[in-house]
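Below, each chain spelled out in residue letters.
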Amino acid sequence: MRAIVPPDRTDDVCEALADCDGATNIVVVRGAALSPSGDLVTGDVARESANEVLDALQDLGVDRDGSIALERIDLSMSRVAERAERRAPGHGDDAVVWDELDRQVTEGAAMTWSFIAFLVLATQLAAIAALIDSPILVVGAMVLGPEFAAVAAICYGIVRLQARHIVTAVRTLVAGFAIAIVVTYVCALVSRWIGVIEMSELPENRPLTAFIYSPDRWSFIVALLAGAAGVLSLTAGKSSTLVGVFISVTTVPAAGNLGVALALKHVSEIEGSLLQLGVNLAGMIIAGTVTLFLQRIVWGIVLRRRAAPISTGRPVPPRVRPPGP
């Protein structure tokens, strides 16, 4: 943790960090910061105590009048830090740093040119997969699709009761898929006019990619599993965030198939693709929201268990604070 703290609040910040079981190696450099001006306070914080530290600093207005930054440490060789991590509640892999997740979903759900470009390219790949019945290209389109971040933003907005995240993410998804489908539709029409593709090249029977436009109960089950895995990948301490990026199930493939089906006037596949797209988005949102709710409940239980010895009246040894800076 690195914080630029107004001088009149440095002692309060040090006291808050001393009261946190998961914070240690606190260093204060008076007058070190120039813009904004203030004292530099750094320290090592166990991931499971990050929310506690961030809440304390925000209550002191450090984020408003100074600066707070967190970054991961790849290697820490310190017995003091190890003891702090053991004292912190729960396990770091299970802790959700809500401010970090807020920043991730806010950036991921923004409708940027790169988001549109990735979604259009992924949808184009899916369209080609539909034409040549290629499951490999379907997987490629799923990997390239960037839409899961917006799905995660909707889940986060529901759990945290923040409508701005939901509105932004829904707008990004609707506009992004609309643009991608229209571009794919136009490309398919042009390809048809110049003879690259023909009506017969989108057959009714496609054994390898029929699942794109034929939703069933397994489509919803897979979407639930993917939504839960994607949210866990964004919140877990050691899981790769790339897992969340790679999860799109058949949302992008369904959009690609829809664009081609519209151009080639395959009515049955148009309806099936729309239904598949809706089923997968709904399943991921439901599973992602439930996963975040469960993580919030479980972590609340962990925090209550840590406070249990105090509530039962057992003697608590006095905390020995380090001398002031």
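These numbers come from a predicted model, not from an experiment. (Residues numbered from 1 in each chain as written. Predicted model: local features only at pLDDT ≥ 70, side-chain atom pairs only at ≥ 80, totals over all residues. Heavy atoms only, no water.)

1. Let's talk about the packing of helix 8 (residues 148–160) against helix 9 (residues 163–193)
At step 1: Orientation of helix 8 relative to helix 9, taken along the N-to-C sense of each, is 155°, at an axis distance of 8 Å. With respect to helix 9, the element helix 8 is oriented roughly antiparallel. Between helix 8 and helix 9 the crossing geometry is left-handed. Along its contact with helix 8, which presents Ala150, Val151, Ala153, Ile154, Tyr156, Gly157 and Ile158, the element helix 9 presents His165, Ile166, Ala169, Val170 and Leu173.
At step 2: The residue makeup of the contact of helix 8 with helix 9, split by class, is 10 nonpolar, two polar and no charged. (Axes fitted to C-alpha atoms, helices over the stretch in contact; angles between N-to-C directions. Helix = DSSP H or I, 4+ residues; strand = E, 2+ residues; numbered from the N terminus. Parallel < 35°, antiparallel > 145°, perpendicular 65-115°, else oblique. Left-handed = near helix turned anticlockwise from the far one by under 90°. Contact = heavy atoms within 4.5 Å. Nonpolar A, V, L, I, M, F, W, Y, C, P; charged D, E, K, R; others polar.)

2. Description of the sheet that holds strand 1 (residues 2–5)
At step 1: Strands sit in the order 2-3-1-4 across an open sheet of four strands; the sheet is antiparallel. Edge strands, defined here as strands with exactly one partner in the open sheet, are strand 2 (23–34) and strand 4 (67–69). Adjacent strand axes in the sheet meet at a mean angle of 15° when their direction is disregarded.
At step 2: Where strand 1 lies against strand 3 (residues 37–45), four bridges are found, and the strand directions are antiparallel. Across the sheet, Ala3 pairs through a bridge with Val41, a residue of strand 3.
At step 3: Strands strand 1, strand 2 and strand 3 of the sheet are contacted by helix 1 (residues 10–19), whose axis makes an angle of about 165° with strand 2. (Pairing = 2+ DSSP bridges.)

3. Section: empty space enclosed by the protein
At step 1: One pass over the full model with this rule turns up one cavity of 30 Å³ or more.
At step 2: Its volume calculated, the largest cavity comes out at about 30 Å³.
At step 3: If you go around the largest cavity, the residues you meet are Leu101, Val105, Ala152, Cys155, Tyr156, Val231, Leu234, Thr235 and Leu292.
At step 4: When contributions to the lining of the largest cavity are tallied by element, the ones reaching two or more residues are helix 5 (98–108), helix 8 and helix 10 (217–235). (1 Å grid on protein atoms, 1.4 Å probe; cavity = no way out; pocket = protein on both sides within 12 Å on 5 of 7 lines; lining within 4 Å. Points joined across faces, edges and corners; volume = space filled by probe spheres on them.)

4. Remarks on the pairing of strand 2
At step 1: Bridge count between strand 2 and strand 3: seven bridges; the pairing is antiparallel. Looking across to strand 3, one finds that Val28 is bridged to Val41.
At step 2: Following strand 2, the chain reverses through two residues before pairing antiparallel with strand 3.

5. Section: a negative patch on the surface
At step 1: Taken together, the side chains of Asp55, Asp59, Asp63 and Asp99 make up a negatively charged region of the molecular surface.
At step 2: Judged by relative accessible area, Asp63 falls into the partly exposed class, the value being 44%. (Patch = residues over 30% accessible without salt bridge, like charges linked within 9 Å, V, L, I, M, F, W, Y side chains within 5 Å. Areas by Shrake-Rupley, 256 points an atom, 1.4 Å probe, with all protein chains shown as cover. Salt bridge = Lys/Arg side-chain N within 4 Å of Asp/Glu carboxyl O. Lys, Arg positive; Asp, Glu negative; His and termini not counted. Charge placed at Lys NZ, Arg CZ, Asp CG, Glu CD. Buried < 20%, exposed > 50% of the residue type's maximum accessible area, 1.4 Å probe, protein only.)

6. Regarding a positive patch on the surface
At step 1: Positive charge collects at one region of the surface, where Arg79, Arg83, Arg86 and Arg87 lie side by side.
At step 2: Looking at where Arg86 falls in the secondary structure, it is placed in helix 4 (residues 79–87).

7. Thoughts on the pattern of salt bridges
Pairs may arise between side chains of opposite charge once their charged atoms sit close together.
At step 1: For the structure on display, the rule yields nine salt bridges.
At step 2: With its nearest N and O atoms 3.4 Å apart, the salt bridge here joins Glu100 to Arg47. In this pair, Glu100 sits in helix 5 while Arg47 sits in the loop between strand 3 and helix 2 (50–59), placing the two residues 53 residues apart along the sequence.
At step 3: Judged by relative accessible area, Arg47 falls into the buried class, the value being 16%.
At step 4: For the salt bridge of Asp65 with Arg64, the shortest nitrogen-to-oxygen distance reads 3.3 Å.
At step 5: Among the residues examined, Arg64 registers a relative accessible area of 63% and is labelled exposed.
At step 6: One continuous salt-bridge network, built from bridges that share partners, spans Asp8, Arg9, Arg64 and Asp65.

8. A word on the nonpolar core
Generally speaking, soluble globular proteins have nonpolar side chains that are buried together.
At step 1: Trp98, Leu101, Phe148, Val151, Phe177, Val252 and Leu292 are the most contacted members of the largest nonpolar core, which totals 42 residues.
At step 2: If near-sequence neighbours (up to four positions away) are discounted, Val151 is found in contact with Leu173, Leu281, Met284 and Ile285.
At step 3: Core analysis: the second largest hydrophobic core is formed by 11 residues, Met1, Leu17, Val53 and Val62 among them. (Core = buried A, V, L, I, M, F, W, Y, C linked by side-chain atoms within 4.5 Å.)

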